[in-house]
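Structure assessment
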Amino acid sequence: MGKILFVSHDGDTHETELVAGRSLMQHATGHGVPGIDGDCGGVCACGTCHVILESRWLDRVGASGPEEDQMLCMTPERQPTSRLACQITVSADMDGMTVRLPEFQM
Ligand code: FES
């Protein structure tokens, strides 16, 4: 089994056991990771699942699509490697990925 590590804005870490197939938002909320709300249930309509990836992982996961990009434009802490976790499907090759969380969600 692999791991995905979530790091809060103040450095708290939450290591989760990788389970492929669900969205990264569902993965985080299912593991009780604080700082990801997922208010819209994963339909790219709330922006409360903002995460910041390391650039090497963004290369692997891929960039945001147009609808996601519109939502990300409204997030105050957007970074060049920002994504919405509900738009990322967890896969086995994400073992070891570190996901940073903003201080505030929308
Ligand atoms: S859960 Fe609402 S945009 Fe991701």
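Scoring rules and cut-offs
Residues numbered from 1 in each chain as written. Predicted model: local features only at pLDDT ≥ 70, side-chain atom pairs only at ≥ 80, totals over all residues. Heavy atoms only, no water. Pairing = 2+ DSSP bridges. Helix = DSSP H or I, 4+ residues; strand = E, 2+ residues; numbered from the N terminus. Axes fitted to C-alpha atoms, helices over the stretch in contact; angles between N-to-C directions. Buried < 20%, exposed > 50% of the residue type's maximum accessible area, 1.4 Å probe, protein only. Contact = heavy atoms within 4.5 Å. Salt bridge = Lys/Arg side-chain N within 4 Å of Asp/Glu carboxyl O.

What follows concerns the sheet that holds strand β2 (residues 13-17). Across the sheet, which stays open at both edges, the five strands sit in the order β2-β1-β5-β3-β4 with mixed pairing between neighbours. Of all the strands in the sheet, just β2 and β4 (82-84) have a single pairing partner and so form its edges. Between one strand axis and the next, the sheet turns by 35 degrees as a mean value, whatever way the strands run. Of the strand pairs in this sheet, strand β3 (residues 50-53) and β4 are connected by three bridges, and their pairing is antiparallel.

The alternating pattern of β3 places His50 and Ile52 and Val51 and Leu53 on opposite faces, both of which are buried. Looking at chain direction, β3 and strand β5 (residues 97-100) are connected through two bridges and run antiparallel. Within β5, the residue paired with Leu53 across the bridge is Val99.

Moving on to the side chain of His27. Mapped onto the elements of the fold, His27 is located in helix α1 (residues 24-30). Apart from the residues within four sequence positions on either side, His27 is in contact with Ile4, Phe6, Thr16, Glu17, Leu18, Val19, Arg22 and Val90.

One pass over the structure, following the stated rule, counts three salt bridges. One salt bridge connects Glu68 with Arg83, and the closest N-O pair in it is separated by 2.7 Å. Taken together, the residues Glu68 in helix α3 (residues 66-72) and Arg83 in strand β4 connect sequence positions 15 residues apart. You'll find Glu68 and Arg83 in the same group, each marked buried. Of the charged contacts in the structure, one is a salt bridge between Arg78 and Asp69, with a shortest N-O distance of 2.4 Å. Residue Arg78 is classed as partly exposed on the basis of its relative accessible area of 32%. Among the residues examined, Asp69 registers a relative accessible area of 28% and is labelled partly exposed.

These values are about where atoms sit, not about what they do.
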